[in-house]
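Structural overview
These are the residues of each chain, in order.
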Amino acid sequence: QQQPAYPPQGAPPQGYYAQPPQQYDPNAPPQQYPPQGYPPQNAPPQGYPPQGGYPPQGPPPQGYPPQGYPPQGYPPQGGYPPQGGYPTPGAYPPQGAYPPQPIPQKEKGIDVISKLDSIFVKQKPHYAELCGCEFENEYQVFELKGGEVGKEKVGKQLFQCKEVSGCCSRHCLPGDCRPFKMFVSAMCKNEKGKRKEKEFLRMERPYKCTYLCLNRPYMTVTHVEDETTEVLGFIKDPFHCWNYTIDIIVGNQLEKEADYRVTASCCQCGFWCHCPCGPCKEVIFTIMDTRKQVETGQVKKVWSGCMKEMLSDADNFHAHFPVDADWRDKTLMLSAVLFIDFRYFEDKGKKRANDGAAFSQKPSFF
């Protein structure tokens, strides 16, 4: 006997629906959604749709986009790119946006000596000259700090001076008449602020066989810097019966009257005494302005130390410039200091060995 199908046809499966499903009537009106009473009263408002409703449909109103977004005038009138084109590459910041920065300048020897009121000239000693050899002279020029005379302090080096002369002239001729050239280099700052030697002056003294007022020695001082060649003046030893005299002539005329005169009395121990102690080695030269007839400066040969005085003929000098002197006057006074050393103090070692007398340093009329 055939058993009936399970579950019976048309019967709902057990446990699937609590109630039989209602038939769907396609002609029935749609039910309202959400159902009435939903959401419950006092419930927090939903975040969607946004508060204020959706934006209106249709074309945007007049005046859109809002004022200020994007900025007015964009793109610029007349099209893009803007009138005048794009800015040139590398032209940033724009011209006139920042104040111009000063361009570092190279320092010149004129700038260095113009700032000086006093200098210290130091001759480099050559102890091999004790064997009879004569070397070319070298000098270092330093800044001299301190207002009161006799209490100065030596500052940084500013100039380097080197003699160029022949070997025969140094060994066969006395220092007060031998020919030589002197090259002066200034320690100037470059664009990076570092000090380097730069040629500043050239001094030249020709050979002179001097006797009394005849054939007096002189030296030409020329400014050579940045392809400039200018004769600043002359240093001349005029004839004088007793005192030691040096004339400083500003300009390119050798025969004109002196602008400054450097004078020292012959009655000073430094000219005659060979004792290596301090007071016996000092010699004072006064600088007189011949146009005003007043003393305006001073050159002083100072003691360089007992051992140095005994073993070499190297000398040290202090020079105090006149207050109203310009860079040309100061440059010529520096040259006068070197001329004084060659003229009066160069051959003291040889003279001591040969003469052995107090008159080893002859007056200026010889």
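Please refer to the structure placed before this passage.
In this text, all values refer to a predicted model and were calculated from it rather than measured experimentally.

1. Notes on the overall build of the protein chain
Regarding its fold elements, the protein chain presents six helices and twelve strands. Looking at the protein chain residue by residue over its 366 residues, the buried ones come to 37%. A sequence separation of at least 24 residues applies to 49% of the contacts in the protein chain between residues at least 6 apart. Of the roughly 24000 Å² of accessible surface on the protein chain, a fraction of 56% belongs to carbon and sulfur atoms.

2. Remarks on the pattern of salt bridges
One pass over the full model with this rule turns up 20 salt bridges. A salt bridge links Arg 178 to Glu 163, with the shortest nitrogen-to-oxygen separation between them at 2.9 Å. Residue Arg 178 is located in the loop between helix H2 (167-172) and strand E4 (180-189), and its partner Glu 163 is located in strand E3 (residues 153-164); the two are separated by 15 residues in the primary sequence. Considered together, Arg 178 and Glu 163 belong to a single accessibility category, that of buried residues. Among the ionic pairs, Asp 289 bridges to Arg 291, the shortest N-O distance being 3.2 Å. Residue Arg 291 is classed as exposed on the basis of its relative accessible area of 53%. Because the salt bridges share partners, they merge into one network encompassing Lys 108, Lys 198, Glu 225 and Asp 226.

3. Let's talk about a positive patch on the surface
Together, Lys 145, Lys 156, Lys 189 and Arg 195 make up a positively charged patch on the protein surface. Look at Lys 189 and you get partly exposed, because its relative accessible area is 38%.

4. Observations regarding the side chain of Lys 330
Looking at the element boundaries, Lys 330 is found in helix H5 (residues 327-344). Although Lys 330 is buried, it makes no salt bridge; Asp 117 carries the closest opposite charge, 4.4 Å away. Not counting the four nearest positions on each side in its chain, Lys 330 is found in contact with Ile 113, Ser 114, Leu 116, Asp 117, Phe 321 and Ala 325.

5. Focus on the sheet that holds strand E6 (residues 218-225)
Overall, antiparallel pairing links the twelve strands, which are arranged E1-E2-E3-E4-E5-E6-E7-E8-E9-E10-E11-E12 in a closed barrel. Recorded for the sheet is a direction-independent mean angle of 25 degrees between the axes of neighbouring strands. Note that strand E7 (residues 228-236) and strand E8 (residues 244-250) share four bridges and pair antiparallel. Its bridge partner being in E8, Lys 236 is matched across the sheet by Asp 247.

6. Some thoughts on the nonpolar core
Nonpolar side chains tend toward joint burial in soluble globular proteins. By size, the foremost hydrophobic cluster in this structure holds 51 residues, and its most contacted members are Val 121, Phe 159, Met 182, Ile 235 and Phe 285. Looking at this core element by element, the count peaks at eleven residues for H5.

7. Structural notes on H5
An α-helix turns once every 3.6 residues. As a result, residues three or four positions apart point the same way. With 18 residues, H5 extends 26 Å between its outermost C-alpha atoms, agreeing within 8% with the 26 Å of an ideal straight helix rising 1.5 Å per residue. For H5, a buried count of 17 out of 18 residues is recorded, marking the element as mostly surrounded by other parts of the structure.

8. Looking at unusual backbone geometry
Even without a glycine there, the phi angle at Leu 212 is positive, about 50 degrees. With respect to the element layout, Leu 212 can be found in the loop between strand E5 (195-205) and E6. Judged by its relative accessible area of 31%, Leu 212 is partly exposed.

9. Considering the pairing of E4
Counting buried residues in E4 gives seven out of ten residues, a clear majority hidden from the surface. Taken together, the six bridges between E3 and E4 define a ladder with antiparallel strand orientation. Paired with Cys 161 across the strands is Val 184, a residue of E4. In this structure, E4 lies alongside E5, joined through ten bridges in antiparallel fashion. Opposite Ala 186, over in E5, you have Lys 198 as the bridge partner.

10. Looking at the environment of Asp 326
Take Asp 326: it is sitting in the loop between strand E12 (316-320) and H5. You can call Asp 326 partly exposed: its relative accessible area is 37%. A C-alpha to C-alpha distance of 9.6 Å links Asp 326 and Lys 115, two positions 211 residues apart in sequence.

11. Here's the deal with the environment of Leu 334
Structurally, Leu 334 can be placed in helix H5. For Leu 334, a relative accessible area of 1% puts it in the buried group. Between the C-alpha atom of Leu 334 and that of His 320, which follows or precedes it by 14 residues, the distance is 9.9 Å. Leaving out residues up to four positions away in the same chain, Leu 334 has contacts with Ile 119, Val 121, Val 141 and Phe 321.

Reading guide: rules and limits
- Residues numbered from 1 in each chain as written.
- Predicted model: local features only at pLDDT ≥ 70, side-chain atom pairs only at ≥ 80, totals over all residues.
- Heavy atoms only, no water.
- Helix = DSSP H or I, 4+ residues; strand = E, 2+ residues; numbered from the N terminus.
- Buried < 20%, exposed > 50% of the residue type's maximum accessible area, 1.4 Å probe, protein only.
- Contact = heavy atoms within 4.5 Å.
- Areas by Shrake-Rupley, 256 points an atom, 1.4 Å probe, with all protein chains shown as cover.
- Salt bridge = Lys/Arg side-chain N within 4 Å of Asp/Glu carboxyl O.
- Patch = residues over 30% accessible without salt bridge, like charges linked within 9 Å, V, L, I, M, F, W, Y side chains within 5 Å.
- Lys, Arg positive; Asp, Glu negative; His and termini not counted.
- Charge placed at Lys NZ, Arg CZ, Asp CG, Glu CD.
- Pairing = 2+ DSSP bridges.
- Axes fitted to C-alpha atoms, helices over the stretch in contact; angles between N-to-C directions.
- Core = buried A, V, L, I, M, F, W, Y, C linked by side-chain atoms within 4.5 Å.
- Expected span 1.5 Å × (residues − 1).

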